[in-house]
Amino acid sequence: MTSAFYLPLGLEEGLETTVQRFGPAHDALELHLPVVTADDLTRWIEVLREARETNLAPLTTPQIIRSLDKVVGRFLDPGDSPRREAIDSLSRSGRFTIPMIERALDDAFQPLARGGITKWLVSELGSVHALDRPVAGASSAILRRAHGPEWMLQIYAGNVPALPVWPMLSAVLLKAALLAKTSAREPLLAPLLARTIAEVDDKLGACLAVVWWKGGSADLDPTAIREAPAVMVFGGEEALAGVSRHAPRGARVVLHGPKVSLAYVERRALRFAGLRALTARAAQDVSLYDQQGCLSPHAFYVERKGEVSPEKFTEVLASALEEASIHLPRGDVPAEEAARIQLLRAQARFEAAGLAAYAPTTVELMDPPPGKAVLGSVGIHGATKVVESSGSTSWTVILEDRARFEPGPAHRTVRVHAVDGPEDVARALRGGSVRYVEALGLEASGPERARLAALFTGIGIPRIAPIGSMQRPTPLGTHGGMRRLLPFVTWSTVEAAPASRVKPSRKSSSTKRAPGRRTSR
């Protein structure tokens with residue numbers, strides 16, 4: 001039986017628990033879960049606040065970072081039990097394959113290794129000691145001391161593995177106690193991470209609690225939210241609206257709702273010499289986490305008039321997606337979501353049928369894997385082309401001779417839009433659509449890349465990244481346009497004493513000439 005919660009020592013006493021099955025029926029995990037009541041939450045929050053004052057607040061930030069470095073190392077070590085347990089339990093859900101989970105752990109923990117946590121903290125607070133004592137800020141005349149919240153409520157979504165890693169570590173870095181609610185879709189990694197933190201440093205572990213309860217509960221949600229000085233939520237529109245209703249006035253609230261990502265390929269980057277490498281990187285961005293996260297591109301806007309046409313880019317991207325399906329196999333797809341993909345394919349063919357006759361044909365792979373000489377069926381619809389995996393919904397590429405913004409049903413379904421320039425994308429995102437965009441993968445170089453980056457950031461896209469790196473953000477950047485620590489920080493400032501700020505007056509006694517005396521030159 002797998003424990004799908006973490007509570008500090010003493011809080012489990014007298015707790016009623018239950019067992020629920022998680023994952024596919026033929027290989028389900030039995031999860032040990034607490035039966036959470038409103039009284040439990042109230043008691044846990046009080047215990048966590050007291051534990052924070054005793055155990056976490058007195059620690060210096062370098063002490064905290066040393067412990068977190070050990071935690072990071074354990075999840076990166078292939079032989080260590082937390083990593084092995086994470087891979088084993090998460091893969092049993094069937095939603096993500098083992099190569100995908102290994103990649104998720106690497107992408108989450110590697111940026112924090114080798115001094116990464118310190119760089120993250122300094123990039124936001126200016127000094128590794130900012131939470132310990134007043135330190136010099138940008139102006140030497142003012143010292144600043146940062147304060148994290150007393151405790152935080154974090155509510156995780158279960159769309160991608162490893163999502164809780166940076167939020168949970170951010171709470172510890174800010175010296176905040178943490179009550180975290182997991183998702184029914186992924187209730188495993190967060191308690192495992194908290195348990196590992198406790199194994200490494202029991203003082204930090206005493207300030208963490210990770211449990212699951214059914215979202216939307218009439219008494220549990222308000223109980224958890226109404227006293228929280230800081231709230232971070234990942235979820236759908238309904239969940240975010242519920243948190244906004246119950247959050248107390250003055251609370252620091254950060255809401256991460258549903259978003260998708262896009263990519264743009266400038267015409268000078270469309271060369272046959274680099275086409276395979278470019279599409280391999282693009283296919284990796286599409287394939288990772290089966291487009292379940294906000295960093296997954298749902299559309300590639302490809303400029304016309306390059307050496308490689310958008311049509312050719314579409315075909316080679318399809319080849320790359322087929323190859324990626326071997327190295328990064330897709331997880332299980334629920335029947336209703338597979339039906340949505342089939343519907344999208346049918347709609348694309350139907351739409352194209354109004355432009356030109358549907359003419360099914362086949363496409364040969366550029367580098368076919370053994371036994372895969374033929375890629376799949378292709379429908380030429382005049383302005384629209386549909387390239388899809390043969391006999392399955394493993395991947396789908398739809399070429400459109402226009403720019404628009406319409407996220408697809410995910411699971412490796414992507415549109416390629418032929419465009420004349422970035423202005424086409426800007427027009428497609430008018431009307432507020434840009435608020436649903438988390439990142440844009442950009443393939444361009446030199447001054448043109450700088451020009452395009454300026455244009456896309458100018459319309460409000462929060463993050464620009466190279467194609468192939470979209471799923472590997474840096475903690476030094478932003479999430480949803482916000483830094484990861486600063487929204488929860490308040491500051492104390494210490495201004496310099498007046499005497500040290502005022503320059504000596506020319507008429508002061510020390511510089512005034514004595515009456516009747518001359519100075520020689």
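Residues numbered from 1 in each chain as written. Predicted model: local features only at pLDDT ≥ 70, side-chain atom pairs only at ≥ 80, totals over all residues. Heavy atoms only, no water.

Looking at this structure, how should I read the overall build of the protein?
Counting its regular elements, the protein contains 16 helices and 20 strands. Looking at the protein residue by residue over its 521 residues, the buried ones come to 52%. Here the contacts in the protein between residues at least 6 apart in sequence split such that 71% fall between residues at least 24 apart. Total accessible area computed for the protein in this model is approximately 23400 Å², and 52% of it derives from carbon and sulfur atoms. (Helix = DSSP H or I, 4+ residues; strand = E, 2+ residues; numbered from the N terminus. Buried < 20%, exposed > 50% of the residue type's maximum accessible area, 1.4 Å probe, protein only. Contact = heavy atoms within 4.5 Å. Areas by Shrake-Rupley, 256 points an atom, 1.4 Å probe, with all protein chains shown as cover.)

Looking at this structure, how should I read empty space enclosed by the protein?
Any empty space left between the atoms is revealed when a probe the size of a water molecule rolls over them. Summed over all chains, the structure comprises two cavities of 30 Å³ or more. Estimates place the volume of the largest cavity at around 60 Å³. Around the largest cavity sit Phe 22, Leu 90, Ser 93, Arg 95, Phe 96, Ile 101, Pro 161, Arg 185 and Glu 186, which together line it. In the lining of the largest cavity, the residues fall into five nonpolar, one polar and three charged. Here the second largest cavity is characterised by a volume of approximately 30 Å³. Val 260, Leu 262, His 298, Ala 299, Tyr 301, Phe 405, Glu 406 and Pro 407 are the residues that line the second largest cavity. Put simply, the parts of the chain that give the lining of the second largest cavity at least two residues each are β11 (260-265) and β12 (297-303). (1 Å grid on protein atoms, 1.4 Å probe; cavity = no way out; pocket = protein on both sides within 12 Å on 5 of 7 lines; lining within 4 Å. Points joined across faces, edges and corners; volume = space filled by probe spheres on them. Nonpolar A, V, L, I, M, F, W, Y, C, P; charged D, E, K, R; others polar.)

I keep staring at the sheet that holds strand β2 (residues 17-22) and nothing clicks. Help me out?
The pairing of strands in a sheet comes from backbone hydrogen bonds and takes either a parallel or an antiparallel form. A sheet is described by the order of its strands in space; here three strands give the open sequence β1-β3-β2, paired in mixed fashion. Of all the strands in the sheet, the pair left with one neighbour each is β1 (2-3) and β2. Bridging between β2 and strand β3 (residues 29-34) involves six bridges; their strand directions are antiparallel. Each bridged residue has a counterpart across the sheet, and for Gln 20 the counterpart in β3 is Leu 31. (Pairing = 2+ DSSP bridges.)

Quick question: what am I supposed to make of the packing of aromatic side chains here?
How two aromatic rings sit relative to each other is set out by the distance from centre to centre and by the angle between their planes. On inspection of all chains with the given rule, the structure shows four aromatic pairs. Ring plane angle 45° and centroid distance 6.0 Å describe the contact between Phe 300 and Phe 313, whose orientation is recorded as tilted. Taken together, the residues span a long stretch of sequence, with Phe 300 in strand β12 and Phe 313 in helix α12 (residues 310-327) at a distance of 13 residues. By relative accessible area, Phe 300 is classed as buried at 0%. For Phe 313, a relative accessible area of 0% gives the class buried. The cationic tip of Arg 144 hangs over the ring face of Trp 491; the distance from NZ or CZ to the ring centre is 4.0 Å. We note Lys 181 situated over the ring of Trp 213; from NZ or CZ to the ring centre the distance is 5.7 Å. (Phe/Tyr/Trp six-rings, centres within 6.5 Å; stacked < 30°, edge-to-face > 60°. Lys NZ or Arg CZ within 6 Å of the ring centre and 35° of its normal.)

Would you mind going over the nonpolar core with me for this structure?
Considering soluble globular proteins, one finds that nonpolar side chains tend to be buried as a cluster. Leu 153, Val 165, Met 168, Leu 179, Leu 189 and Leu 193 are the most contacted members of the largest nonpolar core, which totals 101 residues. Among residues more than four places away in sequence, those in contact with Leu 179 are Leu 41, Ile 45, Leu 48, Trp 151, Met 152, Leu 153, Gln 154, Ala 209, Val 211 and Ala 224. If you look at the next biggest cluster of nonpolar residues, it comprises 25 residues, including Phe 313, Trp 395, Val 414 and Ile 467. (Core = buried A, V, L, I, M, F, W, Y, C linked by side-chain atoms within 4.5 Å.)

Sorry if this is basic, but what is going on with the pairing of strand β15 (residues 384-388) here?
Two faces, one strand: in a regular strand the side chains alternate between the faces of the sheet. Of all five residues in β15, five are buried; the element is thus mostly enclosed. By the bridge criterion, five bridges tie β15 to strand β16 (residues 396-400) in an arrangement that is antiparallel. Following the sheet pairing, Thr 384 is matched in β16 by Glu 400.

What is the right way to read the pairing of strand β5 (residues 142-147) from this model?
Relative to β5, strand β4 (residues 135-136) runs antiparallel, the two sharing two bridges. Along β5, the bridge assignment pairs Val 135 with Arg 144. In this structure, the hairpin formed by β4 and β5 is closed by a connection of five residues. In the sheet, β5 pairs with strand β20 (residues 490-495) via six bridges, with the strands oriented antiparallel. From the neighbouring strand, Arg 144 faces β20, where its bridge partner is Thr 493.

Is there a simple way to explain unusual backbone geometry in this structure?
A negative phi angle is the norm for most residues apart from glycine, just as the trans form is the norm for most peptide bonds. Non-glycine residue Ala 162 carries a positive phi angle of around 75°. Tracing the chain through its elements places Ala 162 in the loop between β6 (151-155) and α6 (165-173). The exposure class assigned to Ala 162 is buried, which follows from its relative accessible area of 11%. Non-glycine residue Gln 291 carries a positive phi angle of around 60°. By the element assignment, Gln 291 lies in the loop between α11 (275-287) and β12. By relative accessible area, which is 3% here, Gln 291 ends up buried.

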